[in-house]
Amino acid sequence: MAEANNLFQVEIITVDRVFYTGEASFLEFNTVSGEMGVYKNHIPLTTVLAPGMVTIHEADGNRIAAVHAGFAEILGDKVTLLAEIAEWPDEIDVSRAEAAKSRAEERIQRKDENVDVKRAEYALRKALIRIDVAGYK
(Lines give C-alpha, C1' and ligand atoms only; values in the text may rest on other atoms or scores of the structure.)
Protein backbone atom coordinates (compact mmCIF):
# COMPACT_ATOMS: atom_id res chain seq x y z
CA MET A 1 0.00 0.00 0.00
CA ALA A 2 1.44 3.35 -1.06
CA GLU A 3 1.71 6.18 1.43
CA ALA A 4 -0.25 9.30 0.48
CA ASN A 5 2.84 11.53 0.62
CA ASN A 6 4.56 9.35 -2.03
CA LEU A 7 1.73 9.73 -4.55
CA PHE A 8 1.81 11.95 -7.61
CA GLN A 9 -0.73 12.79 -10.31
CA VAL A 10 -0.76 10.81 -13.56
CA GLU A 11 -2.69 11.74 -16.68
CA ILE A 12 -2.76 9.82 -19.93
CA ILE A 13 -4.39 11.78 -22.72
CA THR A 14 -5.07 10.66 -26.28
CA VAL A 15 -6.42 12.64 -29.22
CA ASP A 16 -9.99 11.51 -28.51
CA ARG A 17 -10.22 11.17 -24.71
CA VAL A 18 -8.70 11.58 -21.31
CA PHE A 19 -7.68 7.95 -20.94
CA TYR A 20 -6.59 8.01 -17.29
CA THR A 21 -6.43 10.45 -14.41
CA GLY A 22 -5.34 9.34 -10.96
CA GLU A 23 -2.59 9.02 -8.41
CA ALA A 24 0.34 6.64 -8.48
CA SER A 25 3.35 5.82 -6.33
CA PHE A 26 5.34 4.64 -9.37
CA LEU A 27 4.87 4.75 -13.14
CA GLU A 28 6.63 2.57 -15.73
CA PHE A 29 6.62 3.17 -19.48
CA ASN A 30 8.79 2.92 -22.60
CA THR A 31 10.62 5.76 -24.28
CA VAL A 32 12.69 5.83 -27.44
CA SER A 33 15.74 5.68 -25.13
CA GLY A 34 14.51 2.65 -23.20
CA GLU A 35 12.32 1.74 -20.24
CA MET A 36 11.65 4.39 -17.64
CA GLY A 37 10.36 4.37 -14.08
CA VAL A 38 9.14 7.49 -12.30
CA TYR A 39 8.63 8.20 -8.60
CA LYS A 40 7.34 11.42 -7.06
CA ASN A 41 9.79 14.35 -7.31
CA HIS A 42 11.53 12.96 -10.40
CA ILE A 43 13.63 15.56 -12.18
CA PRO A 44 11.63 17.53 -14.76
CA LEU A 45 11.91 15.87 -18.14
CA THR A 46 10.16 15.68 -21.49
CA THR A 47 10.72 12.57 -23.57
CA VAL A 48 9.32 10.70 -26.55
CA LEU A 49 7.18 7.65 -25.82
CA ALA A 50 7.77 4.41 -27.66
CA PRO A 51 5.07 1.77 -28.11
CA GLY A 52 4.88 -0.30 -24.98
CA MET A 53 3.20 -1.29 -21.78
CA VAL A 54 2.45 1.31 -19.12
CA THR A 55 2.22 0.11 -15.53
CA ILE A 56 0.53 2.46 -13.08
CA HIS A 57 1.27 1.52 -9.47
CA GLU A 58 -1.79 2.75 -7.56
CA ALA A 59 -2.52 2.48 -3.85
CA ASP A 60 -4.89 -0.46 -4.51
CA GLY A 61 -2.70 -2.33 -7.01
CA ASN A 62 -1.35 -2.04 -10.52
CA ARG A 63 -3.12 -1.02 -13.73
CA ILE A 64 -1.73 -2.04 -17.10
CA ALA A 65 -2.31 -0.31 -20.44
CA ALA A 66 -0.87 -0.27 -23.94
CA VAL A 67 0.42 3.06 -25.23
CA HIS A 68 1.51 3.66 -28.81
CA ALA A 69 3.80 6.65 -29.36
CA GLY A 70 3.59 10.18 -28.04
CA PHE A 71 5.30 12.32 -25.44
CA ALA A 72 5.80 12.24 -21.68
CA GLU A 73 6.13 15.33 -19.51
CA ILE A 74 7.50 14.65 -16.05
CA LEU A 75 7.21 17.29 -13.35
CA GLY A 76 7.85 16.88 -9.63
CA ASP A 77 4.30 15.95 -8.69
CA LYS A 78 2.70 15.15 -12.04
CA VAL A 79 3.38 12.98 -15.10
CA THR A 80 1.42 13.52 -18.29
CA LEU A 81 1.56 11.05 -21.17
CA LEU A 82 0.26 12.48 -24.44
CA ALA A 83 -0.30 9.34 -26.46
CA GLU A 84 -1.38 8.63 -30.00
CA ILE A 85 -3.31 5.58 -28.75
CA ALA A 86 -3.87 4.17 -25.25
CA GLU A 87 -5.82 0.98 -24.53
CA TRP A 88 -6.85 -0.99 -21.45
CA PRO A 89 -6.54 -4.79 -21.77
CA ASP A 90 -10.31 -5.25 -22.15
CA GLU A 91 -10.41 -2.73 -25.03
CA ILE A 92 -8.01 -4.75 -27.18
CA ASP A 93 -9.39 -6.96 -29.95
CA VAL A 94 -6.93 -9.87 -29.75
CA SER A 95 -8.00 -11.46 -33.05
CA ARG A 96 -7.44 -8.13 -34.82
CA ALA A 97 -4.01 -7.79 -33.16
CA GLU A 98 -3.11 -11.36 -34.20
CA ALA A 99 -4.11 -10.56 -37.80
CA ALA A 100 -2.02 -7.36 -37.74
CA LYS A 101 0.92 -9.37 -36.37
CA SER A 102 0.63 -11.90 -39.21
CA ARG A 103 0.41 -9.17 -41.87
CA ALA A 104 3.44 -7.36 -40.47
CA GLU A 105 5.51 -10.55 -40.25
CA GLU A 106 4.57 -11.41 -43.84
CA ARG A 107 5.63 -7.96 -45.07
CA ILE A 108 8.94 -8.16 -43.22
CA GLN A 109 9.75 -11.63 -44.59
CA ARG A 110 8.68 -10.81 -48.15
CA LYS A 111 11.82 -8.68 -48.70
CA ASP A 112 10.05 -6.76 -51.44
CA GLU A 113 11.63 -3.41 -52.26
CA ASN A 114 8.15 -1.82 -52.25
CA VAL A 115 7.67 -2.75 -48.59
CA ASP A 116 8.50 -0.13 -45.98
CA VAL A 117 10.31 -2.44 -43.54
CA LYS A 118 10.49 0.14 -40.74
CA ARG A 119 6.73 0.67 -40.95
CA ALA A 120 6.11 -3.08 -40.93
CA GLU A 121 8.40 -3.49 -37.89
CA TYR A 122 6.52 -0.71 -36.09
CA ALA A 123 3.18 -2.38 -36.89
CA LEU A 124 4.55 -5.69 -35.61
CA ARG A 125 5.69 -4.10 -32.36
CA LYS A 126 2.27 -2.48 -31.80
CA ALA A 127 0.52 -5.79 -32.45
CA LEU A 128 2.81 -7.66 -30.06
CA ILE A 129 2.24 -5.06 -27.34
CA ARG A 130 -1.52 -5.32 -27.78
CA ILE A 131 -1.38 -9.10 -27.55
CA ASP A 132 0.83 -8.92 -24.45
CA VAL A 133 -1.32 -6.30 -22.66
CA ALA A 134 -4.55 -8.15 -23.54
CA GLY A 135 -3.22 -11.03 -21.43
CA TYR A 136 -3.75 -8.85 -18.32
CA LYS A 137 -7.56 -8.95 -18.61
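Predicted, not measured: the structure shown is a model, and the values here were computed from it.

Calculation rules
- Residues numbered from 1 in each chain as written.
- Predicted model: local features only at pLDDT ≥ 70, side-chain atom pairs only at ≥ 80, totals over all residues.
- Heavy atoms only, no water.
- Buried < 20%, exposed > 50% of the residue type's maximum accessible area, 1.4 Å probe, protein only.
- Helix = DSSP H or I, 4+ residues; strand = E, 2+ residues; numbered from the N terminus.
- Pairing = 2+ DSSP bridges.
- Phe/Tyr/Trp six-rings, centres within 6.5 Å; stacked < 30°, edge-to-face > 60°.
- Lys NZ or Arg CZ within 6 Å of the ring centre and 35° of its normal.

**Notes on the pairing of strand S6 (residues 52-58)**
1) Next: Burial within S6 is extensive, with five of its seven residues counted as buried.
2) Next: Bridge analysis of strand S3 (residues 26-31) against S6 gives three bridges, and the strand direction is antiparallel. Paired with phenylalanine 26 across the two strands is histidine 57, which belongs to S6.
3) Next: Direction of pairing for S6 relative to strand S7 (residues 61-75): antiparallel, over a ladder of seven bridges. Paired with glycine 52 across the strands is valine 67, a residue of S7.

**Quick notes on the packing of aromatic side chains**
Any pair of aromatic rings gets described here by the distance separating the centres and the angle formed by the planes.
1) Next: Scanning the model with the defined rule gives three aromatic pairs in all.
2) Next: With 6.1 Å between their ring centres and 70 degrees between their planes, tyrosine 20 and tryptophan 88 make a pair best called edge-to-face. Placement of the pair is tyrosine 20 in strand S2 (residues 18-24) and tryptophan 88 in the loop between strand S8 (78-87) and helix H1 (94-110), with a sequence separation of 68 residues. Exposure class is identical for tyrosine 20 and tryptophan 88. Each is buried.
3) Next: Between phenylalanine 26 and tyrosine 39, the aromatic rings sit 4.4 Å apart at their centres with planes inclined by 35 degrees, giving tilted as the arrangement. With phenylalanine 26 in strand S3 and tyrosine 39 in the loop between strand S4 (34-38) and strand S5 (45-49), this residue pair connects regions lying 13 residues apart in the sequence.
4) Next: Take phenylalanine 26: its relative accessible area is 18%, and that puts it in the buried class.
5) Next: Overall, tyrosine 39 belongs to the exposed group, its relative accessible area being 55%.
6) Next: A network of ring pairs unites the aromatic residues Phe19, Tyr20 and Trp88 as a single cluster.
7) Next: Above the face of the tryptophan 88 ring, arginine 63 is positioned so that its terminal group lies 4.1 Å from the ring centre.

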